[in-house]
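Summary of the model geometry
In case you want the letters, here they are:
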Amino acid sequence: MSDMQIPALVIDQLKKSYDGVDVVKSLSFTIESGEIFGLLGPNGAGKSTTINMVSGVTRIDTGSVQIFGHDNRQAYRITRCLTGVMHQEIVIDNFFTIDKALKMHAGYYGMKDDPAWRMLLIDRLGLGPHLHKVMFKLSGGLKRRFMIAKALIHKPRLLILDEPTAGVDIDLRLTLWDFVREINERGTTVLLTTHYLEEAEQMCGRLAIMNHGELVALDSTKRLLSRLGGRQVTAQFDRQIETIPVELDPFHPVLTEEGRALRFALSEEVTTIDLLDKIRGLGLVVTEIETRPPNLEDVFLRLTGSINNVR
Amino acid sequence: MSANSRPDNYIPGRPFLTLLHKEVRRFLRVSSQTIFTPIITASLYLFIFGATLGERISVLEGFNYAQFVIPGLILMGVINNSFANTASSLFMSRYLGNIVDLLVTPITPPQLILAYTIAAMIRGLSVGIVVWLVSTFFAGLPWDAPLTAIGMATMASLLFAQCGLVVAIYASSFDSLSMYTNFLILPLIYLGGVFYPISILPEPWGKLSHLNPMFYLIDGFRTAILGVGDLPLWLSFLVAGIMSALLFIWVVFLIGRGHRLSS
């Protein structure tokens, strides 16, 4: 089997619990080599725990993880060389400068420093002017850029990015995603989690959505979006609505804009006229109406019942 | 890199050497705390016990008090600093969360332990050498068996470097880290015969002191330097060797399981 035919990551029946609470429940999915794969879910869904089990930071209760065909416990020295991880929390060693820390990090993976690769990472992530600053003097955004460079310094075949754009400005987000696409085109498989669903929609070929430690969806981004079918209709009213009338339940309503609007997910069989007739019948006055195709946020909301933690 | 193996340019041993290099650089970067402060503290002891009391007291026949206390002070520097290096470095990594930088690398638990331990031994023995150099201004030592003395100092630093790793793993806060230091390590050192020969203690304190592992280290080191001591040298080496081996097994077990390092 050639390298490209071996799946980059196979997670099989993975379980983890803390103090009797199941955080990850029999999770199974496969990421093919060369994919950009998104793992989504609300806070506490078990995404980071899963990533930590894959990378070796968290012990696996039961189940297995295979990275390019190698078990990550039996052959951890190989799987860790094949994997680069950027953790969600900022993890740095305050004693060293960016330049020194990057050189050292390659050594942890048994690699001789490759100045050309190191300089490419430094250049593409805009770290050049800050190379000789010690870590604690860096801004949050720079620390995140450094963490991405650190995750890539040993040229991993599987790059794991856990919330890489959390709390960073739009410039860095765009730079980062461009770079991730470039790295992916060079052959690196990417597993990422993000709270920015729009980014996931644009970046990922396939998506897995977790909720309460379980997989609630796993499909290509296109198919996930088409799964809802129909369209989204948002109706604004002349007054605030405190509770959603039960008569509207068949239209899957969600209160938005602090109760001044309702968003509906209409199936293909239902027309907007049907909806407006029902609303008028309830004595509500619509002041504005907007129709659009469903996006990932709608899918996410439908599958997890939560949108509070995502943007 | 082939997906079926480690990188083509993988250099075995490099992860270990990198971590060792990093650990040595870490304590050198803060050498004012890690090297010079212990030297100043030891120098103050030397001044008190060497320049002021050294000529006036004798607790061991044929030697003045300065000559008696200097081997103990050298070893105290070695032990304190070997312990402090691993304890603070590993605990800080746990506390700041950057231990995950090591957990995701191919470094094996024995490599991790050896890198931390050897770096701590380098710091401990460096402090010991400088304390000895400073002590030459106060009293000369006969150096009866120099290689044995070096061997005993090395054993002591090895043992307490690993002791520091155990403490770093079990400590849950800076408070508990200093509790281990203040309520376990320091009493063991001070009651282990740095400042007095155990043989002059009344019973039961003399016999109780034989339960203190520090006594074997300090007495062995002093015997190697002065040529006289309370215990045969082989016994000191045996106790130090057994304790080092047991601690190493314990640390390998803890770090191998990721105890309090991974969740």
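Residues numbered from 1 in each chain as written. Chains lettered and ligands numbered in written order. Predicted model: local features only at pLDDT ≥ 70, side-chain atom pairs only at ≥ 80, totals over all residues. Heavy atoms only, no water.

So, about the sheet that holds strand β14 (residues 286-292) of chain A. Strands belonging to one sheet form pairs held by backbone hydrogen bonds; the direction of such a pair is parallel or antiparallel. All names here are of chain A. Pairing is antiparallel in the open sheet, where four strands are placed in the order β12-β13-β11-β14. A strand with exactly one partner marks an edge of an open sheet, and here the two such strands are β12 (254-256) and β14. Here the strands of the sheet are splayed against their neighbours by 25 degrees on average, with no regard to which way each runs. The pairing of strand β11 (residues 231-237) with strand β13 (residues 261-266) spans six bridges and is antiparallel. When the bridges of β13 are listed, T234 appears paired with R263. Here helix α10 (residues 296-304) sits on the sheet in contact with β11, β12, β13 and β14, set at roughly 85 degrees to β13. (Pairing = 2+ DSSP bridges. Helix = DSSP H or I, 4+ residues; strand = E, 2+ residues; numbered from the N terminus. Axes fitted to C-alpha atoms, helices over the stretch in contact; angles between N-to-C directions. Contact = heavy atoms within 4.5 Å.)

Taken together, the side chains of F36(B), I40(B), L44(B), F47(B), I48(B), L53(B) and I57(B) present a nonpolar region at the surface, about 640 Å² in accessible area. One can find I40(B) in helix α2 (residues 31-52). (Patch = residues over 30% accessible without salt bridge, like charges linked within 9 Å, V, L, I, M, F, W, Y side chains within 5 Å. Areas by Shrake-Rupley, 256 points an atom, 1.4 Å probe, with all protein chains shown as cover. Salt bridge = Lys/Arg side-chain N within 4 Å of Asp/Glu carboxyl O.)

All right, on to the sheet that holds strand β7 (residues 158-162) of chain A then. Residues and elements named next belong to chain A. Taken in spatial order, the six strands line up as β6-β7-β8-β3-β9-β10 in an open sheet, and their pairing is mixed. The sheet is open, and its two edges are formed by β6 (83-86) and β10 (214-220), each paired on a single side. Sheet twist, expressed as the average angle between the axes of neighbouring strands with direction ignored, equals 15 degrees. Inspection of the sheet shows strand β3 (residues 36-40) paired to strand β9 (residues 206-211) by four bridges, in the parallel sense. For F37, the partnering residue across the bridge sits in β9 and is R206. Taken strand by strand, helix α1 (residues 47-55) contacts β3, β6, β7, β8 (189-193) and β9, and its axis lies near 150 degrees from that of β7.

Looking now at the layout of surface pockets. Of the pockets and cavities examined, the largest pocket occupies roughly 700 Å³. Around the largest pocket sit 28 residues that line it, and Q33(B), N80(B), N81(B), A84(B) and R123(B) are the ones nearest its centre. Looking at the lining of the largest pocket, the elements with two or more residues in it are α2, α3 (65-96) and α7 (174-190) of chain B. The element that contributes the greatest number of residues to the lining of the largest pocket is α3(B), accounting for 11 residues. As a volume, the second largest pocket reaches approximately 450 Å³. Around the second largest pocket, the lining comprises 22 residues; the ones closest to its centre are G56(A), R80(A), I255(B), G256(B) and S262(B). Contributing elements (two or more residues each) for the lining of the second largest pocket: α2 (76-82) of chain A together with α4 (100-103), α5 (109-135) and α10 (233-256) of chain B. Considering only residue class, the lining of the second largest pocket consists of 10 nonpolar, eight polar and four charged. (1 Å grid on protein atoms, 1.4 Å probe; cavity = no way out; pocket = protein on both sides within 12 Å on 5 of 7 lines; lining within 4 Å. Points joined across faces, edges and corners; volume = space filled by probe spheres on them. Nonpolar A, V, L, I, M, F, W, Y, C, P; charged D, E, K, R; others polar.)

It is worth spelling out the domain arrangement of chain A at this point. Frequently, the measure chosen for interface size is the accessible area removed from exposure when the parts meet. Along its sequence, chain A is carved into domain 1 (9-225) and domain 2 (230-293). Taking the mean C-alpha position of each, domain 1 of chain A and domain 2 of chain A sit 40 Å from one another. (Domains from an automatic or database assignment.)

Moving on, we come to the interface of chain B and chain A. Between chain B and chain A, the residue contacts involve 38 residues of the former and 40 residues of the latter. Counting each side, the surface lost to burial between chain B and chain A is near 3,600 Å², with a carbon and sulfur contribution of 57%. Inspection of the region where chain B meets chain A yields two salt bridges. In this structure, K22(B) and D93(A) form a salt bridge, with 3.4 Å as the shortest nitrogen-oxygen distance. Joining chain B to chain A, the criterion identifies 13 residue pairs in polar contact (both at pLDDT 80 or more). Contributions of two or more residues to the side of chain B that touches chain A are made by α1 (14-29), α4 and α5 of chain B. Top contributing element to the side of chain B that touches chain A by residue count: α1(B), with nine residues. (Buried area = accessible area lost by both parts, 1.4 Å probe. Polar contact = N/O pair within 3.5 Å; in protein donor to acceptor, adjacent residues only side chain to side chain.)

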